[in-house]
Amino acid sequence: MSITIASFDGADRTAVDEAYRIGSAANDADLPDFPPSCRRRFDALFHTPMPGTRSLWALARLDGVPAGYLQLDLPQLDNTDNATVELLVHPELRRRGVGRALHEYGVRLLREHGRKRAVGMAVSALPGGPARSVAGDAFAAATGAQPALAEVRRRLDVSKIDRVALRAALAEARPRAEGYQSVCWQGPTPQEYVADVAYLDGRLLMDAPMGDVQWEPEQVDAERIRGNDRALDARGRRRYHLGMRHEESGRLVAWTLLDVGASADWHAYQQITIVDPAHRGHRLGLIAKAENLHHLLTHEPAVRVIDTWNAASNSYMVAINEQLGFRPVDSWTDWQLTL
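Residues numbered from 1 in each chain as written. Predicted model: local features only at pLDDT ≥ 70, side-chain atom pairs only at ≥ 80, totals over all residues. Heavy atoms only, no water.

1. What to know about the domain arrangement of the chain
Put simply, the test is: A domain assignment, automatic or from a database, supplies the domain bounds used here. Whether two residues are in contact is decided by their heavy atoms: any pair within 4.5 Å suffices. Put simply, buried area is the surface a 1.4 Å probe can reach on two separate parts but cannot reach once they are joined, added for both. For this analysis, a salt bridge means a side-chain nitrogen from Lys or Arg found within 4 Å of a carboxyl oxygen belonging to Asp or Glu.
Split by domain assignment, the chain resolves into domain 1 (3-115) and domain 2 (155-327). Here the C-alpha centroids of domain 1 and domain 2 sit 29 Å apart. Listed by partner, the interface residues are 21 residues for domain 1 and 24 residues for domain 2. When domain 1 packs against domain 2, the two sides together hide about 1900 Å² of surface, and 59% of this comes from carbon and sulfur. Where domain 1 meets domain 2, there are two salt bridges. For Asp78, the salt bridge identified is with Arg224, shortest N-O distance 2.9 Å.

The structure is reproduced here in structure tokens:
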């Protein structure tokens, strides 16, 4: 067997097409409850990247047949010693050395670009949960990577929301949030909230549990928020935001985001939820998430399930998600490779 690897970019439409088909096949085989791979999102990775990110791509062929791809994201504005990695091999062509060859190719690229560590994720099964391959964890360990953070994906089945219990929880929470007002919007962040959202977004890696992942807080400003908006618009992500505004100061002090992709109207992701530490203890996280859930479902009636990830140690956010009805599906490990 002959394995060849070549770097490519968005101008090589043949390679982009081949990489998309590999990723789509891997998604369907490894995570059958996920929505199908979105072509619009994949193409946007090349023509409208997230701000401050440079991506390097490589395609592997096995005896001339497209077999796997590598995506390395190199932060440019912060974390310039780091990279994130996605390495996928077509399900029908695994265990033939393609993954190892891509890994070795990627390590050379990372060293050429002065990176000292790389972080990637692998899924595994939870007790009593759906079957998941052990190959991802085994491969990461074989490369010398170390498990740095344990996360759990939880899913909300919209048909099973206990609306009576949720209303009761909100009724109990709202008196503790006196002096705060909820505001919601769709899509790009309104100018009046950009600075506050940038501050909250920049706090995420300070406040969320990171385990042993060596990743510094990101420098987020209004320009970066606008760049995020452009990138997500290009991917076709329909975003539903809700913030909690502190009436005395006029600042947005909590923020949460749900979004729906371009190719699967039945599926949504619960993204960031964060509360300014100075304003915790008022149940703002619960109120924001519950009200934004209503916001989403009012405008996206086809949504049936919502997925979210939390560090296993993030007991506060896990408790809120469980209260909303999210239940564990599978386990995800952030593996960190030091070069």
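2. Section: the side chain of Arg237
Using the following cut-off: In this description a helix means any DSSP run of H or I spanning at least four residues, a strand means any run of E spanning at least two, and both kinds are numbered starting from the N terminus. For the exposure calls, accessible area comes from a 1.4 Å probe over protein chains only, and a residue counts as buried if that area is under 20% of its type's maximum, exposed if over 50%, partly exposed in between. Pairing of N or O atoms within 3.5 Å defines a polar contact, subject to two protein rules: one partner must be a possible hydrogen donor and the other a possible acceptor, and residues neighboring in sequence count only if both atoms are side-chain atoms.
For Arg237, the position within the fold is in the loop between helix 7 (222-235) and strand 8 (238-246). Looking at Arg237, the relative accessible area reads 14%, which means it is buried. Side-chain polar atoms of Arg237 contact the side chain of Asp259, separated by 3.1 Å. Not counting the four nearest positions on each side in its chain, Arg237 is found in contact with Leu232, Asp259, Val260, Gly261 and Tyr269.

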